[in-house]
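# Report on the structure
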Amino acid sequence: GYIYRGVYGWKMGIFISTAVSMLGSCLGAVICFLLGRYLMRETVQQWARKYPLFDAINIASKEQGFKIMAMLYLTPVIPLGLVSYMCGTTSMNVYAFAFAKIFALPLYLIYTFMGASAHSFVKRGAKGEESIGGISASDQAKQLEENQTLLVSGLILSIVMMSLIT
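So, here's what we can say about the structure. In this text, all values refer to a predicted model and were calculated from it rather than measured experimentally.

A separate point is the environment of tryptophan 47. If you trace the backbone, tryptophan 47 turns up in helix α3 (residues 41–48). For tryptophan 47, a relative accessible area of 25% translates into the label partly exposed. Every residue in contact with tryptophan 47, bar those within four places of it in the chain, is listed here: Phe54 and Leu82.

What follows is the structure, given as C-alpha cells:
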C-alpha cells in the first residue's frame, strides 16, 4: 500500500494495491486448491485427518462450499493456505472457491490502509515534528479525515458482506 499510495495518491493507490493484493492472493489460493485436488490429494487428506477443525470444514464445505469459504476468508486467524489445500480434496467447485475470495475485500482494504499509512506513524515517532515531509497540520488533518472515511466504509462493507453470507 505504501508504494502505490506514493505513486497514485491515497484513494487510487489504496484501490490499486487492494486489487493487486486480492488478485495475487486469489491466484495463490487457487494454485493451492488445484495442487490439493490433483497432485497432493492423499497427502493432504492424511494430514487433514489429524485436525478435527479441518474435518468440520470438510463436511460443511461439501454442503455449503461458497458460504463456508466466504466466512473463512473473513477470519484472519485460520491459516487459509492450508485450508485451500484441504478444500481441494473436497467436492467444492473451484469457481465457487475463487469467487468467495471477494468477501475478503474488507480485510484487504484494512491491510492496505495500514500499509499505506504506517509511514506516518514511523516518521512522527522518529522526528516528533508537527509537519511530516513538508505537509502542514491542516493537510495532515485532511488526509486523516479521508482515511477515517476509508475505515468507516470498510467497516460498513464488512457488515454488509457478513449479512449477505449468513
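Turning to the nonpolar core, a few remarks are in order. Membership of the largest hydrophobic core comes to 24 residues, with the highest contact counts inside it found for Met69, Val83, Cys87 and Phe97. Taken together, the elements giving at least two residues each to this core come down to α2 (10–39), α3, α4 (52–73) and α5 (80–88). Here this core takes seven residues from α4, the largest share from any one element. When sequence neighbours within four positions are dropped, the list of residues in contact with methionine 69 reads Val83, Cys87, Met92, Phe97 and Ala100.

Let us now look at the packing of α3 against α5. Look at α3 against α5: their axes get within 9 Å of each other, and the N-to-C directions meet at 115°. Considering how the two elements wind past one another, α3 and α5 form a crossing that is left-handed. Together, Arg41, Val44, Trp47 and Ala48 of α3 and Leu82, Tyr85, Met86 and Gly88 of α5 make up the contact between the two elements. Residue composition of the contact of α3 with α5, by class: six nonpolar, one polar and one charged.

A full pass over the atoms with the stated rule returns five aromatic pairs. With a centroid separation of 5.7 Å and an interplanar angle of 20°, the aromatic rings of phenylalanine 66 and phenylalanine 99 are classed as stacked. In this pair, phenylalanine 66 sits in helix α4 while phenylalanine 99 sits in helix α6 (residues 94–99), placing the two residues 33 residues apart along the sequence. Residue classification places phenylalanine 99 among the partly exposed residues on the basis of a relative accessible area of 49%. Site record: aromatic cluster; members linked through ring pairs are Phe33, Tyr73 and Phe97.

Reading the values: rules and limits
- Every chain's residues receive numbers from 1 upward, in the order its sequence appears when written.
- Given that this is a predicted model, residues contribute local features only at a pLDDT of at least 70 and side-chain atom pairs are listed and counted only at 80 or more, while totals for whole chains, interfaces and linings are drawn from all residues.
- With hydrogens and water excluded, all non-hydrogen atoms of the structure serve as input to the side-chain values.
- Helix and strand labels come from DSSP, where a helix needs a run of H or I of at least four residues and a strand needs a run of E of at least two; each type is numbered from the N terminus.
- Partly exposed residues are those whose accessible area sits between 20% and 50% of the maximum for their type, while under 20% is buried and over 50% is exposed, using a 1.4 Å probe and protein chains only.
- Only heavy atoms enter the contact rule, under which two residues are in contact if any of them lie within 4.5 Å.
- We call a set of buried residues a nonpolar core when its members are Ala, Val, Leu, Ile, Met, Phe, Trp, Tyr or Cys and they connect through side-chain atoms within 4.5 Å of each other.
- Structural elements are reduced to axes, namely lines fitted to C-alpha atoms, with helices fitted over the stretch in contact, and the angle between N-to-C directions of any two is expressed from 0 to 180 degrees.
- In this scheme the handedness of a crossing depends on how the near helix is turned from the far one: anticlockwise by less than a right angle means left-handed, clockwise means right-handed.
- Lys, Arg, Asp and Glu make up the charged group, whereas Ala, Val, Leu, Ile, Met, Phe, Trp, Tyr, Cys and Pro make up the nonpolar group; the residues left over, Gly among them, are polar.
- Planes of paired rings set the category: under 30 degrees apart is stacked, over 60 is edge-to-face and the rest tilted, where pairs are Phe, Tyr or Trp rings (Trp by its six-membered ring) whose centres lie within 6.5 Å.

The values reported here are purely geometric and, on their own, carry no functional implication.
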